Amino acid sequence: MIIDGHHHLWDPAARRHAWLDGLPALRRRFGPDDYREAAAPAGVTASVLVQVLADAGETEEFLALAAASHAPGSDQVPVAGVVGWVDLRGPDVAAEIARIRQQAGGDCLSGVRHLVQDEPDPEWLDRPEVRRGLRAVGAADLACDLLIRPPQLPAALRVTAELDQLRFVLDHAAKPPIADGVLEPWAAMMGELAARPNVVCKLSGLVTEAGTGWRPEQFAPYAEVLLATFGPGRLMFGSDWPVCLLAGDYESVLTLARELVSPHLTPGELEAFFAGNARSAYQLP
């Protein structure tokens, strides 16, 4: 069983995606049918659909897609959970989460994410109003995905330590500088972050950080750090499709993940990496 813990869908004709302006290869619709064609042949049996825009309407659309994927007769890969968006700085995050849960497919809401990597302030996570919003996410028993880069890790370390009752999911291992072959200080901060038992990490998005023409051996030192720090019980697979298409197709991303972790894990640990840890972190049915 494979649960893809991280993928996206979008349609630039339906919503403005300014971030795609410089990425013509991705500036087209990627819908559920496209995902099925990429993931189903690779053996993926369920997925976690992750927000792209700071837009509550997108989250509602994703929840409706999740509900439709479970309808009788659907040929889609079932969306087991949706990581949506709410304004963590808003005056009543709890009420907004409750509202979203009343929408079609609202029971599929598994987590919340903000595009922290795009915030110019590296201390954004440390703001009092953001912490207030994060507490509301935890009170709603949802996970919080952390989309950050290495300069934002110090703030993440403080927040994850203080909000120790909130489940945090680190996206793309905080985007280490794989193209440069540099491990520190990223590796040391991974060790600190992994010391918080409320944090899990996705082995995802790494091929994009390496760029085109990557070689599997480039990733080995980074995977070894993640295995040594988070361990097999707090690492999960994510394809980051279709963003990954900038550097590799679905099958190559999945093959790379297998090559990186299989020599180090038992069969039970492999099941956790490819399915069980996503079920636990996102409390999937």
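Keep in mind it's a predicted model, so treat the numbers as computed, not measured.

## Structural notes on the overall build of the chain
Summing up its helical and strand segments, the chain has ten helices and eight strands in all. Projecting the C-alpha coordinates of the chain onto the three principal axes gives extents of approximately 45 × 45 × 40 Å. Across the 285 residues of the chain, 55% fall into the buried class. The contacts in the chain between residues at least 6 apart in sequence include a share of 80% that link residues at least 24 apart. Carbon and sulfur atoms provide 55% of the accessible area of the chain, an area that totals close to 11,200 Å².

## Notes on the pattern of salt bridges
Taken as a whole, this structure holds 22 salt bridges when the rule is applied. The residue Arg15 makes a salt bridge to Glu61 at a minimum N-O spacing of 2.3 Å. Placement of Arg15 in the loop between strand S1 (2–7) and helix H1 (32–39) and of Glu61 in helix H2 (residues 56–69) is noted, with a sequence separation of 46 residues between them. Taking the relative accessible area as the measure of exposure, Arg15 reaches 22% and is therefore partly exposed. We note a salt bridge from Glu162 to Arg131, for which the minimum N-O separation is 1.9 Å. Pair noted here: Glu162 is in helix H5 (residues 153–162) and Arg131 is in helix H4 (residues 128–139), with a separation of 31 residues, a long-range link. Judged by its relative accessible area of 41%, Glu162 falls in the partly exposed class. Since its relative accessible area comes to 10%, Arg131 is described here as buried. Within the structure, one salt-bridge network assembled from shared partners comprises Glu123, Asp126, Arg131, Arg135, Arg158 and Glu162.

## What to know about the nonpolar core
Counting residues in each nonpolar core, the largest one holds 87 residues, and the members touching the most others are Leu125, Trp186 and Met190. Ranked by the residues each element gives to this core, the list is headed by helix H9 (residues 250–261), at seven residues. Beyond its immediate chain neighbours, meaning those up to four positions away, Met190 contacts Leu153, Leu170, Ala173, Ala174, Val225, Leu226, Thr229 and Phe230. Counting residues in each nonpolar core, the second largest holds 15 residues, with Ala46, Ala143, Ala275 and Ala281 among its members.

## Details of the packing of helix H6 (residues 186–194) against helix H8 (residues 220–229)
Between H6 and H8, the shortest axis-to-axis distance is 9 Å and the interhelical angle comes to 20 degrees. If you check the angle between H6 and H8, you find them roughly parallel. At the point where H6 passes H8, the crossing takes the right-handed sense. Facing H6, whose interface residues are Trp186, Ala187, Met190, Gly191 and Ala194, H8 presents Tyr222, Val225, Leu226 and Thr229.

## Some details on the side chain of Asn198
Relative to the assigned elements, Asn198 resides in the loop between H6 and strand S7 (199–203). Here Thr160 takes part through its backbone oxygen, which lies 3.2 Å from a polar atom of the side chain of Asn198. Aside from chain neighbours lying at most four places away, what touches Asn198 is Thr160, Leu163, Asp164, Leu166, Arg167 and Phe168.

## Here's the deal with the environment of Pro197
Structurally, the position occupied by Pro197 is in the loop between H6 and S7. Here the alpha-carbon distance between Pro197 and Gln165, two residues 32 residues apart in the chain, equals 9.6 Å.

## Observations regarding the state of the cysteines
Each disulfide is one covalent bond, formed between the sulfur atoms of two cysteines. Inspection of the entire model under this criterion finds zero disulfides. Not part of a disulfide, Cys144 finds its nearest cysteine sulfur in Cys201, a span of 14 Å. Overall, Cys144 belongs to the buried group, its relative accessible area being 3%. You can see Cys244 has no disulfide; the closest cysteine sulfur is in Cys201, sitting 17 Å from it. With a relative accessible area of 0%, Cys244 lands in the buried category.

## Some words on the environment of Pro12
Within the element layout of this structure, Pro12 appears in the loop between S1 and H1. Separated by 17 residues in the primary sequence, Pro12 and Arg29 have C-alpha atoms spaced 6.3 Å apart.

## Describing helix H10 (residues 267–282)
Between its first and last C-alpha atoms H10 spans 22 Å; for 16 residues at 1.5 Å apiece the expected length is 22 Å, and the two agree. In H10, a bend of some 55 degrees at Phe273 exceeds every other bend along the element. The complete set of buried residues in H10 reads Ala272, Phe273, Phe274, Ala275, Gly276, Asn277, Ala278, Ala281 and Tyr282. Gln283 occupies a position one or two residues after H10 and carries a positive phi of about 50 degrees.

## Observations concerning the pairing of strand S5 (residues 143–146)
Burial along S5 is two-sided: Ala143 and Asp145 facing one way and Cys144 and Leu146 facing the other are all buried. Summarising the sheet, strand S4 (residues 109–114) and S5 pair through four bridges and their orientation is parallel. In the strand pairing of S5, Val112 is matched with Cys144. Between the parallel pair S5 and strand S6 (residues 168–170), the chain is carried across by H5, and the sense of this crossover is right-handed.

What counts as what
Residues numbered from 1 in each chain as written. Predicted model: local features only at pLDDT ≥ 70, side-chain atom pairs only at ≥ 80, totals over all residues. Heavy atoms only, no water. Helix = DSSP H or I, 4+ residues; strand = E, 2+ residues; numbered from the N terminus. Buried < 20%, exposed > 50% of the residue type's maximum accessible area, 1.4 Å probe, protein only. Contact = heavy atoms within 4.5 Å. Areas by Shrake-Rupley, 256 points an atom, 1.4 Å probe, with all protein chains shown as cover. Salt bridge = Lys/Arg side-chain N within 4 Å of Asp/Glu carboxyl O. Core = buried A, V, L, I, M, F, W, Y, C linked by side-chain atoms within 4.5 Å. Axes fitted to C-alpha atoms, helices over the stretch in contact; angles between N-to-C directions. Parallel < 35°, antiparallel > 145°, perpendicular 65-115°, else oblique. Left-handed = near helix turned anticlockwise from the far one by under 90°. Polar contact = N/O pair within 3.5 Å; in protein donor to acceptor, adjacent residues only side chain to side chain. Disulfide = S-S within 2.5 Å. Expected span 1.5 Å × (residues − 1). Bend = angle between axes of the 7 residues up to and from the residue. Pairing = 2+ DSSP bridges. Right-handed = clockwise from strand over helix to strand, strands pointing away.

Without other data, these values stay purely geometric and don't point to any function.
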